[in-house]
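Chain by chain, the residues:
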Amino acid sequence: MKTERSRSREFVLEVHQRMLQEYPVMQSFLTYRNGFELLIAVILSARTTDQSVNEVTPELFRRYPGPDALANAEPPDLEKIVHRTGFYRAKAANIKETAQRLADIHKGVVPSDMELLTALPGVGRKTAHVIRGTLFGLPSIIVDTHFGRVTRRLGFTGETDPLKVERDLETLIPPEVSHSMSMRLNKHGRVYCTARRPKCGDCPLNDICPSAHSESKV
Ligand code: SF4
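I will try to describe carefully the structure that is included in this document.

A closer look at the overall build of the protein chain
Move 1: When helices and strands are counted, the protein chain shows 11 helices and 0 strands.
Move 2: The secondary structure elements of the protein chain, listed N-terminal to C-terminal, are α-α-α-α-α-α-α-α-α-α-α.
Move 3: Expected size for 218 residues packed as a compact globule is a radius of gyration near 17 Å; at 18 Å, the protein chain falls within 12% of this value.
Move 4: Taking all 218 residues of the protein chain together, the buried fraction comes to 49%.
Move 5: Counting contacts in the protein chain only where the partners sit at least 6 residues apart, residues at least 24 apart contribute 63% of the total.
Move 6: Looking at the protein chain as shown, the accessible area adds up to about 11,100 Å², and 50% of this sits on carbon and sulfur atoms.
Move 7: Side chains of the protein chain carry 31 positive and 26 negative charges; the gap between the two charge centres is 4 Å.

Some points on helix α1 (residues 9-22)
Move 1: With 14 residues, α1 should reach 20 Å at 1.5 Å per residue; the first-to-last C-alpha distance of 20 Å fits that figure.
Move 2: Burial in α1 covers these residues: Phe11, Val12, Val15, His16, Arg18 and Met19. The arc that holds every buried residue of α1, seen down its axis, measures 165 degrees, which confines them to one face. Those residues of α1 that are exposed and angled more than 90 degrees off the buried face are Glu10 and Gln21.
Move 3: Along its buried surface, α1 packs onto α9 (145-154) and α11 (175-191).

Considerations on the packing of helix α2 (residues 35-44) against helix α8 (residues 125-136)
Move 1: Running from N to C, α2 and α8 cross one another at 155 degrees; their axes reach a closest spacing of 10 Å. Regarding the angle of α2 to α8, the classification is roughly antiparallel. Handedness of the crossing formed by α2 with α8: right-handed. On α8, the residues touching Gly35, Leu38, Leu39 and Val42 of α2 are Thr127, Val130, Ile131, Thr134 and Leu135.
Move 2: Among the residues making up the contact of α2 with α8, the classes are represented as 6 nonpolar, 3 polar and no charged.

Focus: unusual backbone geometry
Move 1: Here Arg197, not a glycine, exhibits a phi torsion of approximately 50 degrees, which is positive.
Move 2: Relative to the helices and strands, Arg197 resides in the segment after α11.
Move 3: With a phi angle near 60 degrees, His213 is a residue other than glycine that sits in the positive phi range.
Move 4: Among the secondary structure elements, His213 is positioned in the segment after α11.
Move 5: Relative accessible area serves as the criterion here: at 54%, His213 is assigned to the exposed category.

Some remarks on the pattern of salt bridges
Move 1: Tallied over the entire structure, the rule returns 14 salt bridges.
Move 2: Note that Asp168 and Arg7 form a salt bridge whose closest N and O atoms lie 3.2 Å from each other. Here the residue Asp168 occupies a position in helix α10 (residues 162-170), and Arg7 occupies one in the segment before α1, the gap between them amounting to 161 residues.
Move 3: Take Asp168: its relative accessible area is 14%, and that puts it in the buried class.
Move 4: By relative accessible area, Arg7 is classed as partly exposed at 26%.
Move 5: Salt-bridge contacts for Asp50 lead to Arg190; the nearest nitrogen and oxygen are separated by 3.4 Å. In this pair, Asp50 sits in helix α3 (residues 50-63) while Arg190 sits in helix α11, placing the two residues 140 residues apart along the sequence.
Move 6: Connected via shared salt-bridge partners are Glu59, Arg62, Arg63 and Asp77.

Rules used throughout
Residues numbered from 1 in each chain as written. Predicted model: local features only at pLDDT ≥ 70, side-chain atom pairs only at ≥ 80, totals over all residues. Heavy atoms only, no water. Helix = DSSP H or I, 4+ residues; strand = E, 2+ residues; numbered from the N terminus. Rg over C-alpha atoms; globule rule 2.2 N^0.38 Å. Buried < 20%, exposed > 50% of the residue type's maximum accessible area, 1.4 Å probe, protein only. Contact = heavy atoms within 4.5 Å. Areas by Shrake-Rupley, 256 points an atom, 1.4 Å probe, with all protein chains shown as cover. Lys, Arg positive; Asp, Glu negative; His and termini not counted. Charge placed at Lys NZ, Arg CZ, Asp CG, Glu CD. Expected span 1.5 Å × (residues − 1). Arc of directions from axis to C-beta. Axes fitted to C-alpha atoms, helices over the stretch in contact; angles between N-to-C directions. Parallel < 35°, antiparallel > 145°, perpendicular 65-115°, else oblique. Left-handed = near helix turned anticlockwise from the far one by under 90°. Nonpolar A, V, L, I, M, F, W, Y, C, P; charged D, E, K, R; others polar. Salt bridge = Lys/Arg side-chain N within 4 Å of Asp/Glu carboxyl O.

Shown next, in the form of structure tokens:
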């Protein structure tokens, strides 16, 4: 429910402050040891749970510890390892090709530039923002299903298309807190502001949220 107040910088910063209090320490839901592993893990996380990715990546990175090794992997071997993450043929092809391009074009290093990132197979804007925010500390609006739902309920945006949500929120959320806000509202959408039966009664935003206890949640 978008209102004049919910589109104010003051309101956004108040929400962020409360999210910092509720979730003082944020860690990636994915397990990784370096930029290469984070990039591959995020590609694999499309349309599946982070848990299923964390179950396959130890074996994947044990056998293919860097871009060169992964680029030279046999597709059937990769498909077998990533099978339980779903869409395994496409994902195996994407991570192999991404590793190839990292090795050939980027000297084995994950780039920070949005255009270079989204040119990699399997990397969309959401993945690119995760990488930019997590690895490089750059401003990042990470629009996934949880973040989109919570920001609509808070009245930050009325958009549903991910790119429109991103564009809308770029002008509202200060860049210095955008990554922090993305991570914490994502978590908030998993903990309190769930798609079905959000826990408004216990939510630390329920005295300022325009959708609190509303029957018509977006
Ligand atoms: S008060 Fe309810 S609708 Fe608003 S953010 Fe909290 S859980 Fe979501």
